[in-house]
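Examination of the molecular architecture
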Amino acid sequence: MPTYNYPMVYIESLASFKTSLLISDKIFCRVYDSEGSITNRCRKGGIYNLVVKQDVVYGDPRVDLAVYEAAPAGTPRFALSHGAFRNNVRGLYFDNPDLDNPWAVDKWEEEEVMLLWGLTTTSQRAVPKQFPVTVFDNLEYCELLILFNGGYAVIKEGRDAPDDTSRKKIAQLHDALTMLTGR
């Protein structure tokens, strides 16, 4: 299975990135300190060495990320950016008896919503079916793209985050995969 090594990667907020990965149960991320021990400490605006391994475990695609603290001195060669998809075709996937969509939402979930003055209420939100995490390398707008349910991670050369055009392409790829896989 493919393994990708990226030395000297700038990650603006590693804690935020790790939180976004919880959207998918197909991605595992471990952070190691300079001595090689697993740590929960995340430096803001840190430079890390990143190893991305794509694998299949019990028939399910899986991605393992190992994030190693890099020496504090040095210029980053790559930047890792991540984001979430808010407006995409999954917004259309509501349970409709007239449409036999294999990719329709398979359940509704109640979530608590905070109102003014500490009041709370509940609202229902659609929970879309997950599609497997997918890794692409050497796309025209990035070195590596990891797509997962509801979000993406991009590795680019230099310190730049994806521009609007790149983000649109990523969203289109995500939506196309969602339709193809039916998840």
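Right, let's walk through the structure included here. Along each chain, residue indices are assigned from 1 in the same order as the chain's sequence is written. With pLDDT at 70 or above as the cut-off, local features in this predicted model cover only qualifying residues; side-chain atom pairs require 80 or more to be listed or tallied, and sums for whole chains, interfaces and linings still use all residues. As a rule here, side-chain values come from all non-hydrogen atoms in the structure, and water together with hydrogens is ignored.

**Notes on the pairing of strand β5 (residues 78–84)**
The cut-off we apply is this: Burial here depends on accessible area, computed with a 1.4 Å probe over protein chains only, as a share of the maximum for the residue type. Under 20% is buried, over 50% is exposed, and the range in between is partly exposed. Secondary structure elements are taken from DSSP: a helix is a run of H or I of four residues or more, a strand is a run of E of two residues or more, and numbering for both begins at the N terminus. When DSSP finds two or more bridges between two strands, those strands count as paired.
Along β5, five of the seven residues are buried, which leaves the element largely enclosed by surrounding structure. Sheet topology places β5 next to strand β10 (residues 151–157); seven bridges connect them, and they run antiparallel. Note that in β10 the partner of Gly83 across the bridge is Tyr152.

**Digging into helix α1 (residues 14–21)**
Test applied: Note that the arc is defined by the directions from the helix axis to the C-beta atoms.
Along α1, the residues that are buried comprise Leu14, Phe17, Ser20 and Leu21. When α1 is viewed along its axis, its buried side chains cluster within an angular range of 120° and face the same direction.

**Re the sheet that holds strand β8 (residues 134–139)**
Sheet strands pair via backbone hydrogen bonds, and the direction of the pair is either parallel or antiparallel. Counted only if it meets this: Interaxial angle, 0 to 180 degrees, is taken between N-to-C directions of lines fitted to C-alpha atoms, where a helix line uses only the stretch in contact.
Within the open sheet, the eight strands sit side by side as β2-β4-β3-β1-β5-β10-β9-β8. Their pairing is mixed. Each edge of the open sheet carries a strand with a single partner, namely β2 (27–32) and β8. Pairwise comparison of adjacent strand axes, ignoring direction, gives a mean angle of 30° for this sheet. Of the strand pairs in this sheet, β8 and strand β9 (residues 142–148) are connected by five bridges, and their pairing is antiparallel. Across the sheet, the residue bridging to Thr134 is Leu147, located in β9.

**What to know about the packing of aromatic side chains**
Defined as follows: When two rings of Phe, Tyr or Trp (its six-membered ring) have centres within 6.5 Å they constitute a pair, described as stacked for plane angles under 30 degrees, edge-to-face for angles over 60, and tilted for the intermediate range. Put simply, a charge is over a ring when the Lys NZ or the Arg CZ is close to the ring centre, within 6 Å, and near the line of the ring normal, within 35 degrees.
Under the criterion given, the structure shown has two aromatic pairs. For the pair Tyr6 and Phe78, a centre-to-centre distance of 5.1 Å together with 85° between the ring planes defines the contact as edge-to-face. Highlighted residues: Tyr6 in strand β1 (residues 3–13) and Phe78 in strand β5, separated in sequence by 72 residues. Here Tyr6 and Phe78 have matching classes, each one buried. With centroids separated by 4.8 Å and ring planes inclined at 15°, the aromatic side chains of Tyr32 and Tyr68 adopt a geometry described as stacked. Remark: Tyr68 occurs in strand β4 (residues 60–69) and Tyr32 occurs in strand β2; sequence separation between them is 36 residues. A cation over an aromatic ring shows up here: Arg159 above the ring of Tyr10, its NZ or CZ 4.0 Å from the ring centre.

**With respect to the nonpolar core**
Under the convention used in this document: Grouping buried Ala, Val, Leu, Ile, Met, Phe, Trp, Tyr and Cys residues that are joined through side-chain atoms within 4.5 Å yields what is termed a nonpolar core.
Judged by nonpolar contacts, the single largest core of 24 residues is most densely connected at Leu50, Leu65 and Ile146. Elements with a contribution of two residues or more to this core: β1, α1, β2, β3 (44–57), β4, β5, β9 and β10. The element contributing the most residues to this core is β1, with four residues. With ten residues, the next largest nonpolar core counts Phe85, Cys142, Tyr152 and Leu177 among its residues.

**Quick notes on the pattern of salt bridges**
This is how the line gets drawn: Between Lys or Arg on one side and Asp or Glu on the other, a salt bridge is scored when a side-chain nitrogen of the former is within 4 Å of a carboxyl oxygen of the latter.
All told, the structure shown has four salt bridges when counted by the stated rule. We note a salt bridge from Arg30 to Asp64, for which the minimum N-O separation is 3.7 Å. Residue Arg30 is found in strand β2, and its partner Asp64 is found in strand β4; the two are separated by 34 residues along the sequence. Its relative accessible area of 33% is what places Arg30 among the partly exposed residues.

**A short note on the environment of Tyr152**
Going by this rule: By definition in these notes, contact holds between two residues if any of their heavy atoms fall within 4.5 Å.
Among the secondary structure elements, Tyr152 is positioned in strand β10. Remark: the alpha-carbon pair of Tyr152 and His82, spanning 70 residues in sequence, is separated by 5.5 Å. Excluding its chain neighbours within four sequence positions, the residues that come into contact with Tyr152 are Ser81, His82, Gly83, Ala84, Phe85, Leu145, Ile146, Leu147, Arg167 and Ile170.

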